[in-house]
Structure formats: C-alpha cells, structure tokens
Amino acid sequence: EEMFNRIGASFVPLNASQKAKFQVNNGVIVTQVRDGGLFDNTDVRVGSVINQVNRQTINSVDDLDRALSSPRNGILVISGVYPDGSRLKVAVEVQ
C-alpha cells in the first residue's frame, strides 16, 4: 500500500475494447497521475497501458501492485502502450 501510494497513480483493468484498441492481451490503464508521485516525473501518463513491470505480466491492478512493490535493484522497468498506440518502456528509479 505504501509503495502504491508513492507511485502516485490510479489504474483500472483493461476491458475487451481497450485490449483490441491497443492490440494487447493483458494490462491495466492509467486513470490518474498525481502531482509529486513517482509517475509524475516519467512519460507514464493518463491513458497509458501498463502490461509488464520488470518482465512480470500484468493482468490486474493487484498484479501491478505486487510488481511495483518489488523493484529489481531499485529499478522498475515499465512496459506497455502510450495512448497514441506507440510502445511504452520506461525505467523508474525507486528509493
């Protein structure tokens, strides 16, 4: 919970039409990015799809919560799709 709050973002699971639109089989969509949160200083923005964190497949908000709570060597590598359909891959340092 503490880590999730520090991320400073909200998410919901993808529905079938969003999966088709973004051409993915899994993931969550970013619904809010809060000022001052970890995602505030990254390219992860509202409408982005996150479908992997550190190569872990994300199928639900619970999956994302677990993955975000387990950085590798202080780094979260987040993969997915931007709202415009281009590929998203960012590395976020977690302290």
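You'll find the structure just up there.
Cut-offs and rules
The residue numbering used here restarts from 1 in each chain and proceeds along that chain's sequence as written. pLDDT decides what is reported in this predicted model: residues at 70 or higher carry local features, side-chain atom pairs at 80 or more are listed and counted, and totals for whole chains, interfaces and linings draw on all residues regardless. For the side-chain quantities, the full set of heavy atoms in the structure was used; hydrogens and water were omitted. Secondary structure follows DSSP: runs of H or I at least 4 residues long count as helices, runs of E at least 2 residues long count as strands, and numbering of each begins at the N terminus. Only protein chains enter the area calculation, which uses a 1.4 Å probe; residues under 20% of their type maximum are buried, those over 50% are exposed, and those in between are partly exposed. Residues are treated as being in contact if the distance between any of their heavy atoms lies within 4.5 Å. Two strands are counted as paired when DSSP detects at least two bridges linking them. By salt bridge we mean one thing: a side-chain nitrogen of Lys or Arg within 4 Å of a carboxyl oxygen of Asp or Glu.

**Q** Report on the side chain of N51, specifying residues and quantitative values.
**A** Following the sequence through the fold, N51 ends up in strand β3 (residues 49–53). In this structure N51 comes out as buried when scored by relative accessible area, which is 13%. Once residues lying within four places of it in the same chain are set aside, the contact partners of N51 are V24, N26, G27, Q56, T57, I58, S79 and G80.

**Q** Pulling in residues and values, what's your account of the pairing of β3?
**A** Counting buried positions along β3 gives 4 out of 5 residues, so the element sits mostly inside the fold. Two strands pair when backbone bridges link them, and strand β2 (residues 28–33) and β3 are joined in this way by 2 bridges, in the antiparallel orientation. When the bridges of β3 are listed, V28 appears paired with I50. In terms of strand pairing, β3 meets strand β5 (residues 75–81) through 4 bridges, oriented antiparallel.

**Q** Let's hear about the pattern of salt bridges: which residues, and what values?
**A** Counting across every chain of the model gives 1 salt bridge. Its salt-bridge partner being R66, residue D63 comes within 2.7 Å of it at the nearest N-O pair. Of this pair, D63 and R66 both sit in helix α3 (residues 61–68), 3 residues apart, which is roughly one turn of the helix.

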